[in-house]
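Commentary on secondary and tertiary structure
Below are the chains, spelled out letter by letter.
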Amino acid sequence: DTGVSQNPRHKITKRGQNVTFRCDPISEHNRLYWYRQTLGQGPEFLTYFQNEAQLEKSRLLSDRFSAERPKGSFSTLEIQRTEQGDSAMYLCASSLAVHVVGQNYEQYFGPGTRLTVT
Amino acid sequence: EDKVVQSPLSLVVHEGDTVTLNCSYEVTNFRSLLWYKQEKKAPTFLFMLTSSGIEKKSGRLSSILDKKELFSILNITATQTGDSAVYLCAVEKDNAGNMLTFGGGTRLMVKP
């Protein structure tokens, strides 16, 4: 399978616990993005990486959230001391970085990890 | 603040009908507008539009962008039940990260 994969697909946790999600992008894509989507809304940007460098973070990304992409391939998103408001679908997307004519650079999304905080 | 607004919020039609979904935007440093289809999983890419007035077409789906009036439409002709989904519009900014700002989506239900 050459698409974006995410694990786990579903996570139920109790308030106050830490959770970690993983994203494996399309192999030749050097950009990786994290988005959060709540019910009835469009995805909201959280952060993105180019290779291993985290280049931008949204103000939505509180101090309890941290993301890594240590070798420029897969990425992890950790949420510490989860709160009920963190319940959402966490989507990962990947793309090529360079806009070259004739090359597809749109973002391709993974299936998401649905987090429920009880 | 950047804004992407989609209308209608939801739509119920019967198979065979034609639908038009709307997306208006206010963003600085616009680069492109994208349409995605989302069923109960990942958004799947439909179209990327960068130039005004040039229609993109894929089967029964087509889309066009108006950069002067800051909107795009997505048309679906001869709708089928498999077209039932949430259709998301997103704008890509011309900055280092090319992050997407999404609208809230239009939920389309096609009845047999």
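Residues numbered from 1 in each chain as written. Chains lettered and ligands numbered in written order. Predicted model: local features only at pLDDT ≥ 70, side-chain atom pairs only at ≥ 80, totals over all residues. Heavy atoms only, no water.

Before going further, it helps to examine the overall build of chain B. When you go through chain B residue by residue, the secondary structure sums to zero helices and 11 strands. Going residue by residue from the N terminus, the α and β elements of chain B occur as β-β-β-β-β-β-β-β-β-β-β. Rg of the C-alpha trace for chain B: 14 Å, near the compact-globule value of 13 Å for 112 residues, within the 12% margin. With the principal axes as the frame, chain B shows a C-alpha extent of 45 × 30 × 20 Å. Of the contacts formed within chain B by residues at least 6 apart in sequence, a portion of 55% connects residues at least 24 apart. Looking at chain B as shown, the accessible area adds up to about 5400 Å², and 50% of this sits on carbon and sulfur atoms. Here chain B carries 13 positive and 12 negative side-chain charges, and the mean point of each set is 4 Å from the other. (Helix = DSSP H or I, 4+ residues; strand = E, 2+ residues; numbered from the N terminus. Rg over C-alpha atoms; globule rule 2.2 N^0.38 Å. Contact = heavy atoms within 4.5 Å. Areas by Shrake-Rupley, 256 points an atom, 1.4 Å probe, with all protein chains shown as cover. Lys, Arg positive; Asp, Glu negative; His and termini not counted. Charge placed at Lys NZ, Arg CZ, Asp CG, Glu CD.)

Okay, the interface of chain A and chain B next. Listed as interface residues are 20 residues of chain A and, on the opposing side, 20 residues of chain B. Buried area between chain A and chain B, summed over both chains or domains, comes out near 1600 Å², and the portion from carbon and sulfur atoms is 56%. Counting across the interface, chain A meets chain B through one salt bridge. Notably, a salt bridge pairs B:Glu1 with A:Arg59, separated by 3.8 Å at the nearest N-O pair. In this structure, the connection of chain A to chain B is made through three residue pairs in polar contact (both at pLDDT 80 or more). Going through the elements one at a time, strand 4 (31-37) and strand 5 (44-50) of chain A are the ones with two or more residues in the side of chain A that touches chain B. By residue number, the principal contributor to the side of chain A that touches chain B is strand 4 of chain A, which donates four residues. (Buried area = accessible area lost by both parts, 1.4 Å probe. Salt bridge = Lys/Arg side-chain N within 4 Å of Asp/Glu carboxyl O. Polar contact = N/O pair within 3.5 Å; in protein donor to acceptor, adjacent residues only side chain to side chain.)

What follows deals with the sheet that holds strand 7 (residues 61-66) of chain B. All names here are of chain B. Read across the sheet, five strands follow the order 1-3-8-7-6 without closing on themselves; strand pairing throughout is antiparallel. Of all the strands in the sheet, the pair left with one neighbour each is strand 1 (3-7) and strand 6 (56-58). Between one strand and the next, the sheet's axes are offset by a mean angle of 15°, whatever the strand orientation. Here strand 1 runs beside strand 3 (residues 19-26); their pairing, made up of five bridges, is antiparallel. Within the sheet, the bridge partner assigned to Ser7 lies in strand 3 and is Asn22. (Pairing = 2+ DSSP bridges. Axes fitted to C-alpha atoms, helices over the stretch in contact; angles between N-to-C directions.)

Let us now look at unusual backbone geometry. Put simply, A:Asn7 and A:Pro8 share a cis peptide bond, and its omega is -10°. As for its placement among the helices and strands, A:Pro8 is situated in the loop between strand 1 (5-7) and strand 2 (10-13). For the peptide bond that leads from B:Ser7 to B:Pro8, omega is -10°, which places it in the cis range. Backbone geometry places B:Asn29, a non-glycine residue, at a positive phi of 55°. Take B:Asn29: it is sitting in the loop between strand 3 and strand 4 (30-38). In this structure B:Asn29 comes out as exposed when scored by relative accessible area, which is 53%. The phi angle at B:Leu70 is positive, at roughly 60°, despite the residue not being glycine. Within the secondary structure, B:Leu70 sits in the loop between strand 7 and strand 8 (71-76). You can call B:Leu70 partly exposed: its relative accessible area is 32%. (Buried < 20%, exposed > 50% of the residue type's maximum accessible area, 1.4 Å probe, protein only.)

All names here are of chain A. Ordered in space as 1-3-8-7, the four strands form an open sheet in which the pairing is antiparallel. Unpaired on one side and paired on the other, strand 1 and strand 7 (65-68) mark the two borders of the sheet. On average, each strand axis in the sheet is tilted by 15° relative to the strand beside it, whichever way the strands run. Judged from the four bridges that link them, strand 7 and strand 8 (residues 75-79) form a sheet pairing that is antiparallel. Directly across from Glu68, in strand 8, lies its bridge partner Thr76.

Read these as geometric descriptors, not functional statements.
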